[in-house]
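Chain by chain, the residues run as shown.
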Amino acid sequence: DALELSDRWARNMVTALARIEGRPVGVIANQPRRLGGVIDAAAAEKAALFIDACDRFRLPLVVLVDTPGFMPGMRQERAGVIRHGASLLRAFAGARVPRITVVLRKAYGGAVITMNSKDLGADMVFAWPQAEIGIMAAGQAVGIVHRRRLAESNGNRGDLLAELSDAYAAEHLTADAAAANGFVDEVIDPRETHDRLAWALQSMEGEGR
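All figures in this text were calculated on a predicted structure; none of them were measured in a lab. (Residues numbered from 1 in each chain as written. Predicted model: local features only at pLDDT ≥ 70, side-chain atom pairs only at ≥ 80, totals over all residues. Heavy atoms only, no water.)

Undergrad: Hey, could you run me through the layout of surface pockets in this one?
TA: Space left empty within the atom packing is revealed by a probe, the size of a water molecule, rolled over the atoms. Taken as a whole, the largest pocket spans an internal volume of roughly 200 Å³. Around the largest pocket sit 15 residues that line it, and Ala2, Ala18, Ile20, Val27 and Leu64 are the ones nearest its centre. Listing elements by their share of the lining of the largest pocket, those giving two or more residues are β2 (13-20), β3 (23-30), β4 (61-67) and α9 (193-203). By residue number, the principal contributor to the lining of the largest pocket is β2, which donates five residues. Of the residues assigned to the lining of the largest pocket, the class counts are twelve nonpolar, one polar and two charged. Val112, Ile113, Ile133, Gly134, Ile135, Glu171, His172, Ala177, Ala178, Asn181 and Phe183 are the residues that line the second largest pocket. Counting residues per element, the ones that place at least two in the lining of the second largest pocket are α4 (111-114), β7 (132-134), α7 (157-173) and α8 (175-180). Here the lining of the second largest pocket is built from residues that sort into seven nonpolar, three polar and one charged. (1 Å grid on protein atoms, 1.4 Å probe; cavity = no way out; pocket = protein on both sides within 12 Å on 5 of 7 lines; lining within 4 Å. Points joined across faces, edges and corners; volume = space filled by probe spheres on them. Helix = DSSP H or I, 4+ residues; strand = E, 2+ residues; numbered from the N terminus. Nonpolar A, V, L, I, M, F, W, Y, C, P; charged D, E, K, R; others polar.)

Undergrad: Quick question: what am I supposed to make of the pairing of strand β5 (residues 99-108) here?
TA: Note on strand geometry: in a regular strand, side chains alternate between the two faces of the sheet. Burial within β5 is extensive, with nine of its ten residues counted as buried. Strand direction decides the pairing type here: β4 and β5, joined by six bridges, are parallel. Directly across from Thr67, in β5, lies its bridge partner Ala107. Taken together, the four bridges between β5 and strand β6 (residues 124-127) define a ladder with parallel strand orientation. Of the residues in β6, the one forming a bridge with Val103 is Ala127. With three bridges connecting them, β5 and β7 associate as parallel partners. Among the inter-strand pairings, Tyr108 is bridged to a residue of β7, identified as Gly134. (Buried < 20%, exposed > 50% of the residue type's maximum accessible area, 1.4 Å probe, protein only. Pairing = 2+ DSSP bridges.)

Undergrad: Help me understand the packing of helix α1 (residues 41-56) against helix α3 (residues 81-94), please; the structure alone is not making it clear to me.
TA: Think of two packed helices as two axes; the pair is described by the angle between the axes and how far apart they sit. Packing of α1 against α3 brings their axes to within 8 Å, and their N-to-C directions diverge by 25°. One way to sum up the angle between α1 and α3 is to call them roughly parallel. At the point where α1 passes α3, the crossing takes the left-handed sense. Where α1 abuts α3, its residues Ala41, Ala44, Glu45, Ala47, Ala48, Ile51, Asp52 and Asp55 lie against Val81, His84, Gly85, Ser87, Leu88, Ala91, Phe92 and Gly94. Residues belonging to the contact of α1 with α3 are distributed by class as follows: nine nonpolar, four polar and three charged. (Axes fitted to C-alpha atoms, helices over the stretch in contact; angles between N-to-C directions. Parallel < 35°, antiparallel > 145°, perpendicular 65-115°, else oblique. Left-handed = near helix turned anticlockwise from the far one by under 90°. Contact = heavy atoms within 4.5 Å.)

Undergrad: How should the packing of helix α5 (residues 138-145) against α7 be read in this particular structure?
TA: Put simply, α5 and α7 touch, their axes get as near as 8 Å, and they point 110° apart. Overall, the two elements α5 and α7 adopt an arrangement that is roughly perpendicular. Where α5 approaches α7, its residues Ala138, Gly139, Ala141 and Val142 are matched on the opposing element by Leu161, Leu164, Ser165, Tyr168, Ala169 and Leu173. Classifying every residue of the contact of α5 with α7 by side-chain character gives eight nonpolar, two polar and no charged.

Undergrad: What should I look at first to understand empty space enclosed by the protein in this one?
TA: The full count for this structure, using the stated rule, is one cavity of 30 Å³ or more. Taken as a whole, the largest cavity spans an internal volume of roughly 160 Å³. Val103, Val112, Ser117, Val125 and Phe183 are, among the 16 residues lining the largest cavity, the residues nearest its centre. Elements supplying a minimum of two residues to the lining of the largest cavity: β5 and α4.

Undergrad: Would you explain α9 in this entry?
TA: It helps to recall that an α-helix has 3.6 residues per turn; residues three or four apart then point in one direction. Every buried residue of α9 is accounted for by Thr193, Leu197, Ala198, Ala200 and Leu201. Looking down the long axis of α9, one finds its buried residues gathered within 165° of arc, a one-sided arrangement. Elements that come into contact with the buried residues of α9 comprise β2, β3, β4, β5 and β6. (Arc of directions from axis to C-beta.)

Structure, rendered in structure tokens:
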């Protein structure tokens, strides 16, 4: 069961109260059906306020990640996306309650760190097997790393870009690669998500910072 809060504001970020095996938790989730799940200024502000509220009421946090990163552009800069993004980062880093993250599909850019990463002190980070985790998407990374090779591809740029992107993603962006590098604690079957969250919450019951 879950009760979504502020559901009409910044719909690309979901904030909700829920129970997992009877334990109350605060849930924060990117919503890919709205703006592709990108984090804009309003979404970052909404999540930061919710994290602070959960911390005050001693509610553990469950974070479900599926985002391409932060919204770029002058309009977002004027809206304070950098300031609110920093507030979101500080809120996670400063929360004293247990914090668990599940990367569902993708986590790119600054969101890799900001959405309750191990670097911010997350107690447990899970990832689904098909999740992609990295500083940028494969196509963008390849466009930088292999810029000269792509420029010299003589009409086969599209095929070469696809080939290089697949190779880059397989080597650098997989959940297994993230686990090997310490960014993810465990790669889990999606069907086991509820059980693993329940186990993690039980194991951390009573813990605080």
